[in-house]
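Residue-level structural notes
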Amino acid sequence: MYQRTQSGKKVEINVLQDYRKIYDSLLKGELNEDRLPNGKIFRDKLPNSEVLSIGDGIKTVHRPPTTETAIKVALTTLIEYMNNDDTPSIYKALVTHFFFENTHPFLDDNGRMGCYLLSSYITNKFDRFTGFSVATAIHNNVQQYYKVFKDADSAENRADLTFFIQKLLMILVSQQEKVIKILSQSREKLDKANEIISQWVNKHHHQLAATSDSLYCNVLYLLAQSKLFTNQLDLGIKDNDIIETLKKSNRRYPMTKTKTAIEELEALSAIEIVSKRPKQHVITIL
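A short tour of the structure in this document, coming up.

About the criteria used
- Residues numbered from 1 in each chain as written.
- Predicted model: local features only at pLDDT ≥ 70, side-chain atom pairs only at ≥ 80, totals over all residues.
- Heavy atoms only, no water.
- Helix = DSSP H or I, 4+ residues; strand = E, 2+ residues; numbered from the N terminus.
- Rg over C-alpha atoms; globule rule 2.2 N^0.38 Å.
- Buried < 20%, exposed > 50% of the residue type's maximum accessible area, 1.4 Å probe, protein only.
- Contact = heavy atoms within 4.5 Å.
- Areas by Shrake-Rupley, 256 points an atom, 1.4 Å probe, with all protein chains shown as cover.
- Patch = residues over 30% accessible without salt bridge, like charges linked within 9 Å, V, L, I, M, F, W, Y side chains within 5 Å.
- Salt bridge = Lys/Arg side-chain N within 4 Å of Asp/Glu carboxyl O.
- Core = buried A, V, L, I, M, F, W, Y, C linked by side-chain atoms within 4.5 Å.
- Expected span 1.5 Å × (residues − 1).
- Arc of directions from axis to C-beta.
- 1 Å grid on protein atoms, 1.4 Å probe; cavity = no way out; pocket = protein on both sides within 12 Å on 5 of 7 lines; lining within 4 Å.
- Points joined across faces, edges and corners; volume = space filled by probe spheres on them.
- Nonpolar A, V, L, I, M, F, W, Y, C, P; charged D, E, K, R; others polar.
- Lys, Arg positive; Asp, Glu negative; His and termini not counted.
- Polar contact = N/O pair within 3.5 Å; in protein donor to acceptor, adjacent residues only side chain to side chain.
- Phe/Tyr/Trp six-rings, centres within 6.5 Å; stacked < 30°, edge-to-face > 60°.

Scanning the chain for helices and strands turns up eleven helices and four strands. Against the compact-globule benchmark of 19 Å for 286 residues, the chain has a radius of gyration of 26 Å, which places it well outside the compact range. Across the 286 residues that make up the chain, the buried fraction comes to 40%. Within the chain, counting contacts between residues at least 6 apart in sequence, those at least 24 apart form 61% of the total. Carbon and sulfur atoms make up 50% of the accessible area of the chain, which amounts to about 17000 Å² in all.

It is worth spelling out a nonpolar patch on the surface at this point. A surface patch of nonpolar side chains, about 220 Å² in accessible area, is lined by Leu228, Phe229 and Leu286. Inspection of the secondary structure assignment puts Leu286 in the segment after β4 (279-283).

This next bit is on the nonpolar core. Formed by 25 residues in total, the largest nonpolar core has its most connected members in Ile197, Val219, Leu220, Ile242 and Leu265. Only α8 (162-203), α9 (214-229), α10 (239-247) and α11 (255-267) provide two or more residues apiece to this core. Here this core gets eight residues from one element, more than from any other, and that element is α9. Sequence-distant contacts of Leu265, that is, excluding residues within four places in its chain, are made with Trp200, Tyr216, Val219, Leu220, Ala270 and Ile271.

Next up on the list: helix α3 (residues 68-82). Look at α3: 20 Å from first C-alpha to last across 15 residues, which is about the 21 Å you get at 1.5 Å a residue. Turning to α3, its buried residues number three or more, namely Glu68, Ile71, Leu75, Leu78, Ile79 and Met82. Seen from one end, α3 has its buried residues packed into an arc of 105°, which puts them on one side. Exposed side of α3, more than 90 degrees from the buried face: Thr69, Val73 and Glu80 are the residues found there.

Take the layout of surface pockets next. Of the volumes computed, that of the largest pocket is approximately 460 Å³. Lining the largest pocket are 22 residues, and of these Val11, Ile13, Met82, Asn83 and Tyr121 sit closest to its centre. Mapped by element, the contributors of at least two residues to the lining of the largest pocket are α3, α4 (89-103) and α5 (110-125). Element by element, the count of residues in the lining of the largest pocket is highest for α5, at seven residues. Looking at the lining of the largest pocket, its residues break down into ten nonpolar, seven polar and five charged.

Further remarks concern the side chain of Lys238. Here Lys238 shows up in the loop between α9 and α10. No salt bridge is formed by the buried Lys238; the nearest opposite charge belongs to Asp241, separated by 5.4 Å. For Lys238, the side chain forms a polar contact with the main-chain oxygen of Asp234, separated by 2.9 Å. Not counting the four nearest positions on each side in its chain, Lys238 is found in contact with Pro278, Lys279 and Gln280.

The subject of this paragraph is the packing of aromatic side chains. Following the criterion strictly, the structure yields twelve aromatic pairs and no others. For the ring pair Tyr19 and Phe100, a centre distance of 5.7 Å and an interplane angle of 20° mean the geometry is stacked. Of this pair, Tyr19 sits in helix α2 (residues 16-26) while Phe100 sits in helix α4; the two residues are 81 residues apart in sequence, bridging distant segments of the chain. Residue class for Tyr19 comes out buried when judged on its relative accessible area of 1%. Residue class for Phe100 comes out buried when judged on its relative accessible area of 2%.

A few words now on the pattern of salt bridges. Counted by the stated rule, this structure contains seven salt bridges. Notably, a salt bridge pairs Asp85 with Lys92, separated by 3.3 Å at the nearest N-O pair. The salt bridge involving Arg187 is made with Asp191; its shortest N-O contact spans 3.2 Å. Taken as a pair, Arg187 and Asp191 lie in helix α8 at a separation of four residues, close to a single helical turn. Judged by relative accessible area, Arg187 falls into the partly exposed class, the value being 42%. The partly exposed category is assigned to Asp191, whose relative accessible area is 42%. Put simply, Glu30, Asp109 and Arg112 are held in one network by salt bridges that share partners.

Shown next as structure tokens:
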């Protein structure tokens, strides 16, 4: 579902049933029978005098509405607010997140649902890196996250979400700075790899059959990315992926030429084979 948001598929909520459809898709096969919504759409009165609360397992932060009727009233108002463009997008996203979590419309996994909705909205309004960093940002700052919810929910706060928005923005910005740092470091690694690849291809130019060195550079560059950014060998790029990628590139390298280039690079020990089915190589000159 996160991948679908990356491809530009917008998550829209116009009626209460939309919440349930998203919840069912997100949590399919994850919930025990007794934790499924016990109302028509959301949760309703709980059995055995059970009390639903929001907290970290030690301290209760908030007690949400107790009946499905109350939940429907709260979320109907929220839908109206969500689909009104009077508020700047980032503020609206965070306010919406607060009210969804405080309403706590389901028995379980409201947090996962809330993070998904917030991430999807931010991805659509801003960019996928920002959207993807949301869940990580909350997870890495979970104690601050609970505290800011508790402070915003206190009676003395009089429903003012200014501080809540400021604190959540600080958490999101902090994670964004980490992402920028990681991307910058990754860019440096790639630039260094590209430099090594170019030097190697120039040095072995007379041993390579193809008229253009760019084919060898592209094959090695794809394998370099795979080596640098894949944690498990079996998840690395396969030969067929390389062939298809270069076939669809601007240069449109023919399949036979790319296969031959891979064989030549293996013969010169620039790469080595690690799997025959499916065929897979790793770069050795880095």
